[in-house]
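# Structural characterization, general
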Amino acid sequence: MSSVAVLTQESFAEHRSGLTQQQVKVTALNSEEENDPPTYKEAFPPLPEKAPCLEAAQEPAGPWSKIRPIKASVITQVFHVPLEERKYKDMNQFGEGEQAKICLDIMQKTGAHLELSLAKDQGLSIMVSGKLEAVMKARKEIVARLQTQASATVAIPKEHHRFVIGKNGEKLQDLELKTATKIQIPRPDDPSNQIKITGTKEGIEKARHEILLISAEQDKRAVERLDVEKVYHPFIAGPYNKLVSELMQETGTRINIPPPSVNKTEIVFTGEKEQLAQAVARVKKIYEEKANSFTVSSVSAPSWLHRFIIGKKGQNLAKITQQMPKVHIEFTEGEDKITLEGPTEDVNVAQEQIEVMVKDLINRMDYAEINVDHKFHRHLIGKNGANINRIKDLYKVSVRIPPDNEKSNLIRIEGDPQGVQQAKKELLELASRMENERTKDLIIEQKFHRTIIGQKGERIREIREKFPEVIINFPDPAHKSDIVQLRGPKNEVEKCTKYMQKMVADLVENSFSISVPIFKQFHKNIIGKGGANIKKIREESNTKIDLPAENSNSETIVITGKRANCEAARHRILAIQKELANITEVEVSIPSKLHNSLIGAKGRFIRSIMEECGGVHIHFPTEGSGSDTVTIRGPAQDVEKAKKQLLHLAEEKQTKSYTVDLRAKPEYHKFLIGKGGGNIRKVRDNTGARIIFPTSEDKDQELITIMGTEEAVKEAQKELEALIKNLDNVVEDSMVVDPKHHRHFVIRRGQVLREIADEYGGVMVSFPRSGTQSDKVTLKGAKDCVEAAKKRIQEIIEDLEAQVTIECTIPQKFHRSIMGPKGSRIQQITRDYGVQIKFPDREENPAPVVEPAVQENGEEGGEGKEGKDTDPSSPKKCDIIIISGRREKCEAAKEALQALVPVTIEVEVPFDLHRYIIGQKGSGIRKMMDEFEVNIQVPAPELQSDIITITGLATNLDRAKVGLLDRVKELQAEQEDRALRSFKLTVTVDPKYHPKIIGRKGAVITQIRTEHEVNIQFPDKDDESQAQDQITITGYEKNAEAARDAIMKIVGELEQMVSEDVTLDHRVHARIIGARGKAIRKIMDEFKVDIRFPQSGAPDPNCVTVTGLPENVEEAIDHILNLEEEYLADVVDNEAMQVYMKPSSHEESKAPSKGFVVRDAPWATVNNEKAPDMSSSEDFPSFGAQVAPKTLPWGPKR
């Protein structure tokens, strides 16, 4: 932007402030006399003259006068690596990976600064800055490490090699740095004259050229240099250097043409004089022929139009180049011209076409540049480019926003002139709005972020819809930040902040949590049928209740919400448990100071009491509450036992509590405890002390704690230490086991032996290798453990001796359901009865030719060979389950298996209800099957059958049948209710009353719908087939009639209403309406009327319409006429005042200024020089700005 200097009275007053007092007085007097303006010399006194030469001569010639200007030590060079020569092309992101590491390494090694950028053709541009030496070294490294390397050889006479190397190899090093290549010269003892050059194609060409030049200079033969313009070099070289090679062979002359990358025009010829003259003549001839038929021309075109001339994917340019393939068209970035090279005729045609294209584009295209702070650019672009794409499509323009890394504020808009101006206006408005925005950081705990956002962003979407002008940014969950950023107009941001703070306060209040231990077997009852119980508790207490997963061992139910609500939900859940079982609740008073010692470290002590007393729940009050009440909940007998123990321990703690810690290897613990806790109970009964073993969750697995009175603890400690000492006393013993039983102990990876080792203090039992007929079994471990293990092995052998095998026949189709999920049921029976159960292999249906398929019910036998030999009454092999163990246990296991055989019953359910029983995507039937642990089969729709089959255990079938029938009753009741709800009623109402019945934003009709629980449908205005006066009401008959009465009541009131026009001076309308219509709404609400003001451009701007009941209309009109009288007086007063008020400064400034007038100015003298134009940037240029010359009103400059 150029600045223009304008001389006025004010600016001149500032200028003359530097003059002497006398001069100021004279000037001031003259300036006051309008008819007698000051002279030019008085207004602009000349500076005192100096004798510069004389002063310069008198100055002593100091050392500083000899100083020469210093050249800059830092240079910058740009290197280009074409795409085909790039070493690292396939990168996920530019600026990352191996290429970036290499650049960093080069910078560290050389001390130069590197900047990489990708060109449009995917070539790599590298800008290197630094000292000359560092830049050359960096360049060599770049070429070697970032460009693909090629190699070539050049042959020069052996005696010239030393000139290429130079003194101490300096010339070779310099040549390598300059061309960024590696040059290998054969050793002096090597007869070869071939010099090998490795590097880029461009570097090799340069190096080859330089070496040949050195050789030519040293050659004894004649050397001639011919200056030929660079554009003609390719014509002399010919395709693939064929022409120049032929010329060299014919004349025996060496011709060195500089490569395209070297900015030299000299062609060097070396050879015998006569032959050299022939070669030079031939080259000159080629040059002259081409020079006469070759033209270089240019077309002026603004650089911003270049891409439109080229066209999308080069389409426009392709049309020209296809017609004239010999013409080369070159666009230089930043230059306002296009260069054309080629045959003269073709160049002229191409130039004409491009000029036409440029003229057309200039006429219909324009551009504008605007400055917008780069921090707002991404908001102008919008999410996924939504904003900028909308502007581009709407105004048919191209908008170029600089990338973030450039930190540039300049945005360029190009396209249709009108579209450019509209796009510019909109972008500036957006930027202005953003500058007035405010950003606020809100501290919200990260744990609430997900809740505020809601499932699939539902809740945050509601907030954003409520405050559409506010942008809400949540931090990345990985950053663990509590700061939520709000940005938008100040008022909206404040409102949104208050809204979100209230939401957070509610969340904090609702995030109170308590845990309730409930016996696992009662969780199903708390959930209720179809989740009815838990749903009811959740809704009524307004809490969130989380139950543990079915497969988890946890018994704790977690309740979250407001404190009072959580307590109410807890009370209800405990009440359900109490009703269901023989669960009693006892409160015991124990001083609060003893609570921590009774609970123990990490709850170890209290947990041992709960486990010992059959898993009762013991609840201590929260710490700091000061309450002494401890609650024990569970079966009556166990509660009593736990109560006695707690009181006894509390008494001990108060009198003389004593604790001792012992250490024993974890593998000894099971042996010390004994089977079913027998050993430890014996010690406890003898001594009266409590012994606590570590749980699997404890870190220290060796620590055993003894608690009680000092005497009891010491006695228990003595007994346990003796037991541990015996366990540490390792012995080795053996026993005889019949080899036929060995397999039982070692099968399943020695599971039986592992169980013996776990139970008896890690005793090692070794059976002889299979194949040896030895019956000796070795046991090694603590003496007591070895004895106990021997006894256990003997018991197992007795069981094996007494073992029998029985068969249990159950049809194969039931085997899978008997096994249960992952074989859980069969594993339970195996453990409970100590037997082994083997299921037969599954028999697939054989081919029909060999043996026809057997039906599931077994009524039809096969007619194959096997079928003839087999007894039809005998059970099939695939149905026989084999049970092994003691006879009495096998019989019990057989009964348990038979009890698991599923039974099928049929239930009649009306066919039309089947789809409701199945539910959406089978959810309904799946829920019932899970709840009752049965399989429910619904017949296919095409069968039209009413029979539903239920298959499962006999114990579950009755519950499932009752549940299914209950669901049928619910569905039938819903059907009846649906029929009652679908009653329709039609009301005839004049369409002109419809908007009033609907109300503002549907408020009136919504209230009627909600109050009477009906659906009210108005006719579609666009549908001519519908009667426009019919309103349809759907719902229960009673409710529909009540809604109709409510609508008719409104209609009745509307029919009584009247409309009256009143004349109100338009100047007071704004005062009566008030800010955002607040005042007029208050009047309408007070008088229960509707007041309509005329729109701008109405024929009568003073006409106001009031509608309502006659008496209300009269009162409202009186009120607004009184207001008019009051406000009109103010308006008249204001208008009267305006007459006496001083006009605004901008109105005064409109008067034309005469500027400053002087006499005897240089331009008023006889030579008739023109006066300087003070508005001209040419006569008064601003510093550093280039300004286009302005056409002056009195003609051009001569």
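A quick note: this is a predicted structure, and the numbers were derived from the prediction, not measured.

## Considering the overall build of the protein
Scanning the protein from N- to C-terminus turns up 46 helices and 42 strands. Counting the 1198 residues in the protein, one finds 34% classified as buried. When contacts within the protein are restricted to residue pairs at least 6 apart in sequence, long-range pairs at least 24 apart make up 68% of them. Accessible area for the protein stands at about 76800 Å²; split by element, carbon and sulfur atoms hold 50% of it.

## Considerations on the sheet that holds strand β29 (residues 764-766)
Strand order in this open sheet of 3 strands is β28-β30-β29, and the pairing throughout is antiparallel. Strands at the two margins of the open sheet, each flanked by one partner only, are β28 (730-736) and β29. On average, each strand axis in the sheet is tilted by 20 degrees relative to the strand beside it, whichever way the strands run. In the sheet, β29 pairs with strand β30 (residues 776-782) via 3 bridges, with the strands oriented antiparallel.

## So, the sheet that holds strand β7 (residues 222-227)
The pairing of strands in a sheet happens through backbone hydrogen bonds and is either parallel or antiparallel. Strand order in the open sheet formed by 3 strands is β7-β9-β8, with antiparallel pairing between adjacent strands. Since the sheet does not close on itself, it has two edges, and those belong to β7 and β8 (254-256), each with one partner. Strand after strand, the sheet turns through a mean of 20 degrees between neighbouring axes, direction not considered. Examined bridge by bridge, β8 and strand β9 (residues 266-271) share 3 bridges and lie antiparallel to one another. Of the residues in β9, the one forming a bridge with N256 is V268. Helix α9 (residues 201-218) contacts β7, β8 and β9 of the sheet and is inclined by roughly 135 degrees relative to β8.

## What to know about the packing of helix α41 (residues 1003-1012) against helix α42 (residues 1037-1056)
Close contact between α41 and α42 brings their axes to 9 Å; oriented N to C, the two are set at 155 degrees. Comparing the axis directions of α41 and α42 gives the class roughly antiparallel. Crossing handedness for the pair α41 and α42: right-handed. For the pair formed by α41 and α42, the contact residues are V1004, I1008 and H1012 on the first element and N1039, A1042, A1043, A1046, I1047 and I1050 on the second. Residues that form the contact of α41 with α42 fall into these classes: 7 nonpolar, 2 polar and no charged.

## Brief notes about a negative patch on the surface
Negative charge collects at one region of the surface, where D738, D775, E798 and E801 lie side by side. Structurally, E798 is set in helix α32 (residues 783-801).

Analysis parameters
Residues numbered from 1 in each chain as written. Predicted model: local features only at pLDDT ≥ 70, side-chain atom pairs only at ≥ 80, totals over all residues. Heavy atoms only, no water. Helix = DSSP H or I, 4+ residues; strand = E, 2+ residues; numbered from the N terminus. Buried < 20%, exposed > 50% of the residue type's maximum accessible area, 1.4 Å probe, protein only. Contact = heavy atoms within 4.5 Å. Areas by Shrake-Rupley, 256 points an atom, 1.4 Å probe, with all protein chains shown as cover. Pairing = 2+ DSSP bridges. Axes fitted to C-alpha atoms, helices over the stretch in contact; angles between N-to-C directions. Parallel < 35°, antiparallel > 145°, perpendicular 65-115°, else oblique. Left-handed = near helix turned anticlockwise from the far one by under 90°. Nonpolar A, V, L, I, M, F, W, Y, C, P; charged D, E, K, R; others polar. Patch = residues over 30% accessible without salt bridge, like charges linked within 9 Å, V, L, I, M, F, W, Y side chains within 5 Å. Salt bridge = Lys/Arg side-chain N within 4 Å of Asp/Glu carboxyl O. Lys, Arg positive; Asp, Glu negative; His and termini not counted. Charge placed at Lys NZ, Arg CZ, Asp CG, Glu CD.

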